[in-house]
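The lines below spell out each chain.
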Amino acid sequence: MSKIKLPLAPPILGIALAIVSFSSSIALPGISTANPSNSRLDSDQRSPTAEIAQKHLDQERITSRNPQPLGISLDWVPPNVPERGVPGKRKAAASRGRCPKVEPPLTALVPATPSMASEGQIPSESVFGLTVVSHPTFWFYVPYALTPDLPLEFVLQDENYNEIYWTKFVASSSSPSVVGIELPSTVASLEVGKQYRWYFVVQCERLGSPVVTGWVKRMSLNPSLNNQLDQATLEQKAIIYARSGIWYDTLNALAKLRQQNSSNDLVIKDWVKLLQSVDLDAITQAPFLEF
C-alpha cells in the first residue's frame, strides 16, 4: 500500500511558516456548508452538477447488472475558488543539500488556480480542494529516492492556525513516487464548512527544504447524493465526487482503483486523465510508493 496512516506525533518544532489570510466563502452547486439537516436540494432546485451525477449513477446501476470492464471516464468539474484566493504553493522551489534541483519538483496533487494580485503585489496561486469525509487523504509526488536520513513531514492547521496534526516519518524508495497520507482516525474530525491548511516538507536540511502547501475544506453533500454514495461502488464514487467538484475524494478513490488494478489500462487512463485535467501531466506515470 502507498497510503501512510500514522499515529499522532508531538507538536512540530522549529518550523516557521507564514500564514496568509483567506476568504472562506465558496459556491459549489449541489453542495452546502450548512448543517447537513438543512442541506437538502428538492428535485426542482437540484443543480446541473447533481443532475449529471444522478443520471450517470442511474446508468451505472443498469450496466452494473452485467460484468463491465473497469475504466470510468471521469469528467472533473472544478469548484469555484474565492476571489481573494487561498494562497499556497503546489510545486516546491529549488532546494539545497540532499535534495537537488529536479524536474518535476516536489508537487502536491491538488488543483492550482492563479490568484488575482493587487497592484504592486506578486501574483500567487490558490491551491485548494474540497472533501466530504472527516479524515481525508492527501497525495504528493516526491521526486527523490528516499532513505531513512531523508524524513518527510506533514502538518495540518485549522482556520485559527492551531495545529491539528503533525507527523514526521521516513520511507524507502529507489525512485520518484507518489505517496498518500491519510489523516488518522485518532485526530479530531474536520468540521463541515471550515478550511484547513496543510504543509508537506522533505527534510533535506535545517533550512531551505522543499515544501508545498495548500488548503482543504470539508463540505456536506445533500442527502440525495449521500444516499447514492452509500450504495455506490468505488468506480461510481469517483464519478460522483468528480462531477460534484470534490477533489480530495475523487483522487483518493481513483488512487485506490489504480492500486487494486495496477495493470488495468483503463484505470491507468482515467488516472492520467484526472491529473492532466489539473495540469499535472508531468507526474501521471509516477509509481506509487510501496511499504
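Residues numbered from 1 in each chain as written. Predicted model: local features only at pLDDT ≥ 70, side-chain atom pairs only at ≥ 80, totals over all residues. Heavy atoms only, no water.

Peer 1: Help me out: how do you make sense of the nonpolar core in this one?
Peer 2: Membership of the largest hydrophobic core comes to 56 residues, with the highest contact counts inside it found for Leu109, Phe140, Phe154, Leu156, Trp198, Phe200 and Val202. If you tally residues by element for this core, the top one is helix α4 (residues 247-260), at 7 residues. Once residues within four sequence positions are removed from consideration, Leu109 is found in contact with Trp139, Phe140, Tyr141, Val178, Trp247, Leu251, Trp271, Leu275, Leu280 and Ile283. Judged by nonpolar contacts, the second largest core, of 13 residues, contains Val86, Leu130, Leu221 and Ala232. (Core = buried A, V, L, I, M, F, W, Y, C linked by side-chain atoms within 4.5 Å. Buried < 20%, exposed > 50% of the residue type's maximum accessible area, 1.4 Å probe, protein only. Helix = DSSP H or I, 4+ residues; strand = E, 2+ residues; numbered from the N terminus. Contact = heavy atoms within 4.5 Å.)

Peer 1: Please explain the packing of α4 against helix α5 (residues 265-277) as it appears in this structure.
Peer 2: Interaxial distance between α4 and α5 falls to 9 Å at its minimum, and their mutual angle equals 155°. In terms of orientation, α4 and α5 fall into the roughly antiparallel class. The hand of the α4/α5 crossing is left-handed. For the pair formed by α4 and α5, the contact residues are Trp247, Thr250, Leu251, Leu254, Ala255, Leu257 and Arg258 on the first element and Val267, Ile268, Asp270, Trp271, Leu274 and Leu275 on the second. Residues of the contact of α4 with α5, tallied by class, amount to 10 nonpolar, 1 polar and 2 charged. (Axes fitted to C-alpha atoms, helices over the stretch in contact; angles between N-to-C directions. Parallel < 35°, antiparallel > 145°, perpendicular 65-115°, else oblique. Left-handed = near helix turned anticlockwise from the far one by under 90°. Nonpolar A, V, L, I, M, F, W, Y, C, P; charged D, E, K, R; others polar.)

Peer 1: Is there a simple way to think about the environment of Gln203 in this case?
Peer 2: Tracing the chain through its elements places Gln203 in the loop between β11 (195-202) and β12 (211-218). Each C-alpha atom of the pair Gln203 and Cys99 lies 8.5 Å from the other, and the pair is 104 residues apart in sequence. At 2.4 Å, the side chain of Gln203 and the side chain of Glu153 are in polar contact. (Polar contact = N/O pair within 3.5 Å; in protein donor to acceptor, adjacent residues only side chain to side chain.)

Peer 1: Explain the packing of helix α2 (residues 223-231) against helix α3 (residues 234-243) here, please?
Peer 2: For any two helices packed against each other, the geometry is given by the interaxial angle and the distance between the axes. Interhelical geometry of α2 versus α3 gives an angle of 155° and a closest axis separation of 8 Å. Judged by the angle between their axes, α2 and α3 are roughly antiparallel. Of the two elements, α2 crosses α3, and the hand of that crossing is left-handed. Residue-level contacts link Leu225, Gln228, Leu229 and Gln231 of α2 to Gln236, Lys237, Ile240 and Tyr241 of α3. Its residues assigned to classes, the contact of α2 with α3 shows 4 nonpolar, 3 polar and 1 charged.

Peer 1: For this particular structure, what's the right way to read the packing of aromatic side chains?
Peer 2: Any pair of aromatic rings gets described here by the distance separating the centres and the angle formed by the planes. If you walk through the whole model with that rule in mind, you get 10 aromatic pairs. On the basis of an interplanar angle of 40° and a centroid distance of 5.1 Å, the ring pair of Phe138 and Phe154 is categorised as tilted. Here Phe154 lies in strand β8 (residues 152-157) and Phe138 lies in strand β7 (residues 137-142), a separation of 16 residues in the sequence. With relative accessibility at 1%, the residue Phe138 sits in the buried group. Ring-pair connections join several aromatic residues into one group, and the members of that group are Phe138, Phe140, Phe154, Tyr165, Trp198, Phe200 and Tyr248. (Phe/Tyr/Trp six-rings, centres within 6.5 Å; stacked < 30°, edge-to-face > 60°.)

Peer 1: Which parts of the structure should I look at to understand the pattern of salt bridges?
Peer 2: For side chains of opposite charge, pairing can occur when their charged atoms come near one another. Across all of its chains, the model carries 3 salt bridges by this definition. The closest approach of N and O atoms between Asp75 and Arg243, which form a salt bridge, is 3.0 Å. Of this pair, Asp75 sits in the loop between α1 (48-63) and β3 (87-88) while Arg243 sits in helix α3; the two residues are 168 residues apart in sequence, bridging distant segments of the chain. Residue Glu191 pairs with Lys194 through a salt bridge whose shortest N-O separation is 3.3 Å. By relative accessible area, which is 43% here, Glu191 ends up partly exposed. Among the residues examined, Lys194 registers a relative accessible area of 33% and is labelled partly exposed. Taken together, the shared-partner salt bridges in this structure form one network comprising Asp75, Arg243 and Lys273. (Salt bridge = Lys/Arg side-chain N within 4 Å of Asp/Glu carboxyl O.)

By themselves these figures say nothing about function.
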